[in-house]
Amino acid sequence: MRIAILGGDGYLGWPTALRLSAKGHDVHVVDNGLRRRLHTEAGSDSLTPIASLPERIAAWRAISGEEIALTEGDLTEWAVVERLFRSFEPEAVVHYGEMPSAPYSMKDRAHAVFTQTNNVVNTLNVIYAIRDLAPGCHLVKLGTMGEYGTPNIDIEEGFIEIAHNGRSDYLPFPKLPGSMYHLSKVHDSHNIHFACRVWGMAATDLNQGVVYGIRTEETGLDDALLTRFDYDDVFGTALNRFCLQAVVGHPLTVYGKGGQTRGYLNIEDTLQCVELALTHPAQPGEFRVFNQFTEQFSIIELAELVQKAGAHVGLDVDLGPVDNPRFEAEEHYYNPVHTKLLDLGLRPHLLSETLIESMFAGIERFKGRALQAHILPRDRWRPSA
């Protein structure tokens, strides 16, 4: 299968490119280096040292004998997207290529505008390219469970049966996003759903939970293939941040009461889910939504798991609650459905103390690169009084 991976330099995009290339697919990655530039601007960096994207691709060629094609360009520029679709003629597109940080999007007006412009415009370009240049192409789009927020009812997979005044319909599940970033994902979902309803596009929206993990089967083959590992307050995800904090001796940054509950999955399971979506594609005109996570935890539960795992390997891990910089419920109901990917054959890697300890070992190799000044949160959802 000819598969274009948008955002192919990222934490998830690069391992996905390697996995699909290893499976024999014709892979073409697109990236404009945004994530690297944003870290440079902030003075932060990946914990793992990562080579440039051309160097990574060359290393993969030397190790595996497989080729990965590369386009370095910005998806908000139509010329870049059009050239990709005309030259490569993708049969499927895996779309990770967006600014992926809620804290970044909430810094101020300029960051919010950039986030929504970058994310919504580039996805619009992609769906128009599919409509006009590759109408049989299947779009697999990385969404987020954060689109739903934390409603006081069970969260269905994308759609809900509504009965109202004696009539009923099957409608998109209501969205209560908690940041300008998550709101951009809601806009994407609506635009993609429109393209499926009106133009007959085939799309799978993967509403992903919080991802953790430092390596995959392919990135573990050689340090030249490492994917990035972010632990900072802007791009680091909860469990990754906690594991780094445990290894470097920083109290775990539990925001507020710690009752915030979300879905989580191992990075290996992200790759499984994407592959399952590609090999079991949506039909023309179908907009599928998969809730992509395997387990759910509260922040305090995660912190306590990390603390317990740390004790097993001789780490003295303290919990250091901090004032919550976000506007969010710290205690709430949370019960999302997540059965569709299991029905397709997902075999989850469930979180355990052993798995956390293996993350400690991976982090230990590079802990000298950790910048502790970027651990505590600096950006608040509400302006200071």
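For every chain, the first residue of the written sequence is number 1, and numbering continues from 1 onward in sequence order. Note on the predicted model: pLDDT of at least 70 is required for a residue's local features to be given, and 80 or more for side-chain atom pairs to be given and counted; whole-chain, interface and lining totals, by contrast, use all residues. Think of the side-chain values as coming from all heavy atoms in the structure, minus any hydrogens and water.

Visitor: I tried to follow the sheet that holds strand β9 (residues 210-212) on my own but got confused; where do I start?
Guide: Within a sheet, each strand pairs with its neighbour through backbone hydrogen bonds, oriented either parallel or antiparallel. Spatial strand order, β9-β10-β12: three strands in an open sheet with mixed pairing. The open sheet has two edge strands, β9 and β12 (295-298), and neither has a second partner. The average angle at which neighbouring strand axes cross in this sheet is 45 degrees, direction not considered. For strand β10 (residues 261-266) and β12, the ladder comprises four bridges, and the chain directions are antiparallel. When the bridges of β12 are listed, Tyr264 appears paired with Glu295. The contact rule is simple, with two residues in contact once any of their heavy atoms fall within 4.5 Å. Axes, fitted as lines to C-alpha atoms, cover a helix only where it is in contact. Angles between the N-to-C directions of the axes lie from 0 to 180 degrees. Each helix is a run of H or I in the DSSP string that is no shorter than four residues. Each strand is a run of E no shorter than two, and both are numbered from the N terminus. Of the strands in this sheet, β10 and β12 touch helix α10 (residues 299-312), which is tilted by about 90 degrees from β12. Strand pairing is defined by DSSP finding a minimum of two bridges between the two strands.

Visitor: Before we go on, may I ask you to explain the pattern of salt bridges in this structure?
Guide: Close approach of charged atoms lets side chains of opposite charge pair. Any carboxyl oxygen of Asp or Glu that lies within 4 Å of a side-chain nitrogen of Lys or Arg is treated as forming a salt bridge with it. As enumerated under the stated definition, the model contains 24 salt bridges in all. Between Arg19 and Glu268 there is a salt bridge, with its nearest N and O atoms 2.9 Å apart. Of this pair, Arg19 sits in helix α1 (residues 13-22) while Glu268 is found in helix α9 (residues 267-279), placing the two residues 249 residues apart along the sequence. Take Arg19 and Glu268: they sit in the same class, and that class is buried. Taken together, the shared-partner salt bridges in this structure form one network comprising Glu98, Lys141, Lys185 and Asp188. In this scheme, a residue with accessible area under 20% of its type's maximum is buried, one over 50% is exposed, and one in between is partly exposed, where area comes from a 1.4 Å probe on protein chains only.

Visitor: Just to check I follow, could you spell out the packing of α1 against helix α3 (residues 53-64) for this structure?
Guide: How two helices sit against one another is set out by the angle between their axes and by the gap between those axes. Two elements in contact, α1 and α3, have axes whose closest approach is 12 Å; the angle formed by their N-to-C orientations is 25 degrees. Put simply, α1 runs roughly parallel to α3. Classified by chirality, the crossing of α3 by α1 is right-handed. In contact with Trp14, Leu18, Ser21 and Ala22 of α1, α3 contributes Leu53, Arg56, Ile57 and Trp60. In this scheme, roughly parallel covers angles under 35 degrees and roughly antiparallel covers those over 145, while 65 to 115 is roughly perpendicular and the rest are oblique. Here is the rule for handedness: rotate from the far helix to the near one, and if that takes an anticlockwise turn smaller than a right angle the crossing is left-handed, while a clockwise turn gives right-handed.

Visitor: Honestly, the environment of Tyr104 in this entry has me stumped. Any pointers?
Guide: Within the secondary structure, Tyr104 sits in helix α5 (residues 102-105). What makes Tyr104 buried here is its relative accessible area of 9%. The spatial distance from the C-alpha of Tyr104 to the C-alpha of Leu376 is 14 Å, given a sequence separation of 272 residues. Once residues lying within four places of it in the same chain are set aside, the contact partners of Tyr104 are Leu38, Met99, His111, Phe114, Thr115 and Val234.

Visitor: Looking at this structure, I do not really get a nonpolar patch on the surface. What am I missing?
Guide: In this analysis, a patch consists of residues with relative accessible area above 30% that form no salt bridge, clustered at 9 Å for like charges and at 5 Å for the nonpolar side chains Val, Leu, Ile, Met, Phe, Trp and Tyr. We get accessible surface area from the Shrake-Rupley algorithm with a probe of 1.4 Å; when it comes to residues, only the shown protein chains can shield them. A contiguous nonpolar surface patch, about 240 Å² in accessible area, is contributed by Trp78, Leu124 and Tyr128. Structurally, the position occupied by Leu124 is in helix α6 (residues 109-133). Residue class for Leu124 comes out partly exposed when judged on its relative accessible area of 30%.

Visitor: Would you explain the side chain of Lys141 in this entry?
Guide: For Lys141, the position within the fold is in strand β5 (residues 138-144). In this structure Lys141 comes out as buried when scored by relative accessible area, which is 1%. At 3.4 Å, the side chain of Lys141 and the side chain of Glu98 are in polar contact. Once residues lying within four places of it in the same chain are set aside, the contact partners of Lys141 are His95, Glu98, Thr123, Lys185, Asp188, Ile192, Thr204, Asp205 and Leu206. Pairing of N or O atoms within 3.5 Å defines a polar contact, subject to two protein rules: one partner must be a possible hydrogen donor and the other a possible acceptor, and residues neighboring in sequence count only if both atoms are side-chain atoms.

Visitor: Looking at this model, I keep getting lost on the sheet that holds strand β1 (residues 2-6). Mind explaining?
Guide: What the seven strands build is an open sheet, ordered β3-β2-β1-β4-β5-β8-β11; its pairing is parallel. Of all the strands in the sheet, just β3 (68-72) and β11 (287-292) have a single pairing partner and so form its edges. With direction set aside, neighbouring strand axes in the sheet form an average angle of 20 degrees. Sheet topology note: the strand β8 (residues 202-208)/β11 ladder contains six bridges and is parallel. Note that in β11 the partner of Ala203 across the bridge is Phe287.

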